[in-house]
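Close look at the chain arrangement
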Amino acid sequence: PFLETDAVKQSDYIRIMNYISSVGIYSNDLPVLSDGRIYEYEDDAPITNADAMILFTAAECGNKVPQLKGIYRSPYTDVKDSDVNVGYYAIAHALLDSKATELHPDEAFTYADMIKQIYNYLA
């Protein structure tokens, strides 16, 4: 059991993304999370808002396009255009048709955040 305010576990988020995304995160070219860790399917570590955007984009588009350098602008005022993950953030922002202006990348991504993200993605 979990509360809507609890941080999402990496394994729960990956499982959901693999169910609802068009590609899923199954490739050998695995995404690198915001703290430099490579995702692990069974990892019970909590994810951040930044991690959720990285994993969402990787599930939808893979990793090649978001890793292109010099072509993305950050949609968030609290993330610089030079951020190593700006491609992931920009793509996720567009795919979710998000109106958010701040990412708060290091904050916990909660189950309430995940439910809202899935709703916005499927709507």
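Residues numbered from 1 in each chain as written. Predicted model: local features only at pLDDT ≥ 70, side-chain atom pairs only at ≥ 80, totals over all residues. Heavy atoms only, no water.

1. Some points on the nonpolar core
Short version of the rule: Buried residues of nine kinds, namely Ala, Val, Leu, Ile, Met, Phe, Trp, Tyr and Cys, make up a nonpolar core once their side-chain atoms join them within 4.5 Å. Using a 1.4 Å probe on the protein chains alone, a residue whose accessible area is under 20% of its type maximum counts as buried, one over 50% counts as exposed, and one in between counts as partly exposed. Only DSSP runs of H or I with at least four residues qualify as helices, and only runs of E with at least two residues qualify as strands; both kinds are numbered from the N terminus onward.
Within the largest apolar cluster, 26 residues are counted, with the highest numbers of intra-cluster contacts made by Val8, Tyr13, Met53, Phe56, Tyr89, Phe109 and Met114. Going through the elements one at a time, α1 (10–20), α2 (49–61), α3 (86–95) and α4 (111–122) are the ones with two or more residues in this core. It is α2 that contributes the most residues to this core, eight residues altogether.

2. Thoughts on the pattern of salt bridges
Worth spelling out the cut-off: Salt bridge, as used here: a side-chain nitrogen of Lys or Arg that lies within 4 Å of a carboxyl oxygen of Asp or Glu.
Counted under the stated rule, the structure contains three salt bridges. The residue Arg15 makes a salt bridge to Asp12 at a minimum N-O spacing of 3.1 Å. Of this pair, Arg15 and Asp12 both sit in helix α1, three residues apart, roughly one helical turn. Residues Arg73 and Asp81 are paired through a salt bridge, measuring 3.5 Å at the closest nitrogen-oxygen approach.

3. Section: the side chain of Thr110
With respect to the helices and strands, the residue Thr110 is situated in the loop between α3 and α4. Owing to a relative accessible area of 15%, Thr110 belongs among the buried residues under this scheme.

4. Structural notes on α4
Rule in force here: Multiplying 1.5 Å by the residue count of a helix minus one yields the expected span of that helix. It is the directions from the helix axis to the C-beta atoms whose arc is reported. Contacts are assigned to residue pairs that have any heavy atoms within 4.5 Å of one another.
Counted at 1.5 Å a residue, the expected span for α4 with its 12 residues is 16 Å, and the 16 Å between its end C-alpha atoms agrees. Among the residues of α4, those classed as buried are Tyr111, Met114, Gln117, Ile118 and Tyr121. Across the axial projection of α4, the buried residues extend over an arc of 115°, all falling on one side. Of the exposed residues in α4, those oriented more than 90 degrees away from the buried face are Ile115, Lys116 and Tyr119. Along its buried surface, α4 packs onto α1 and α2.

5. As for the packing of aromatic side chains
Filter applied, for reference: By convention, a stacked pair of Phe, Tyr or Trp rings (six-membered ring in the case of Trp) has centres within 6.5 Å and planes under 30 degrees apart, an edge-to-face pair has planes over 60 apart, and any other such pair is tilted.
Scanning the entire structure with this criterion turns up three aromatic pairs. Ring geometry for Phe2 against Tyr111: centres 3.9 Å apart, planes inclined by 20°, an arrangement best described as stacked. Highlighted residues: Phe2 in the segment before α1 and Tyr111 in helix α4, separated in sequence by 109 residues. Overall, the relative accessible area of 4% leaves Tyr111 in the buried class.

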